[in-house]
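Chain by chain, the residues:
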Amino acid sequence: MILIAETVQKEKQRIEYMLSEYENRLIELPKGTLTETKNGDNVYYYLKYRVGKKVVSKYIPFDAYEKTQEEISQRKHIERMIKDLKEELKFANKALGVKK
């Protein structure tokens, strides 16, 4: 029984470490949605996100569009991973008898 508790404790530590790493990575990635606006023959890209109740539009140059799109995709993936890790942490805490 002690071996199981030790294994769960190590897993909990791994989960907490991964949560910390993912949350630090989220700080570096842009949030929001990319939108496209056409003005005649020209296309302009904007990153739209909220700051409180206000929606902010930030112009994204054409050469930075793909990089920004990839970063937003990474952010969504990391957000899903964080959600899953929090569920695993709840399970590990329950298995160890930790109340939170």
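The structure contained in this document is the topic of the report that follows. The numbers attached to residues start from 1 for each chain and follow its sequence in the written order. Local features in a predicted model are, by the rule used here, given only for residues with pLDDT of at least 70; side-chain atom pairs are given and counted only at 80 or more, and totals for whole chains, interfaces and linings are based on all residues. Each side-chain value is worked out from all heavy atoms of the structure, with water and hydrogens disregarded.

**Considering the packing of aromatic side chains**
- Stacked, tilted and edge-to-face are the three classes assigned to paired rings of Phe, Tyr and Trp, where Trp is represented by its six-membered ring and a pair needs centres within 6.5 Å; plane angles under 30 degrees give stacked, over 60 edge-to-face, the rest tilted. Here the structure, examined in full by the defined rule, presents 4 aromatic pairs.
- For the pair Tyr46 and Tyr59, a centre-to-centre distance of 5.8 Å together with 70 degrees between the ring planes defines the contact as edge-to-face. Here Tyr59 lies in strand 3 (residues 54–60) and Tyr46 lies in strand 2 (residues 42–51), a separation of 13 residues in the sequence.
- What makes Tyr59 partly exposed here is its relative accessible area of 43%.
- Among the aromatic residues, ring-to-ring pairing joins Tyr44, Tyr46 and Tyr59 into one connected group. Helix and strand assignments follow DSSP, with helices taken as H or I runs no shorter than four residues and strands as E runs no shorter than two, numbered in order from the N terminus. With a 1.4 Å probe rolled over the protein chains alone, any residue whose accessible area is under 20% of its type maximum counts as buried; one over 50% counts as exposed, and the rest are partly exposed.

**Observations concerning the packing of helix 1 (residues 2–28) against helix 2 (residues 62–96)**
- Between helix 1 and helix 2, the least distance of the axes is 9 Å, while the angle of their chain directions is 155 degrees. The pairing of helix 1 with helix 2 is recorded here as roughly antiparallel in orientation. Relative to helix 2, helix 1 is oriented so that their crossing is left-handed. Under this scheme, a helix contributes an axis fitted over its contacting stretch, all axes are lines through C-alpha atoms, and angles between N-to-C directions fall in the 0 to 180 degree range. In what follows, roughly perpendicular refers to angles from 65 to 115 degrees, roughly parallel to angles under 35, roughly antiparallel to angles over 145, and oblique to any angle outside these ranges. By definition, any crossing whose near helix is turned counterclockwise from its far helix by less than a right angle is left-handed, and any crossing with a clockwise turn is right-handed.

Function cannot be read off these values alone, since they describe shape.
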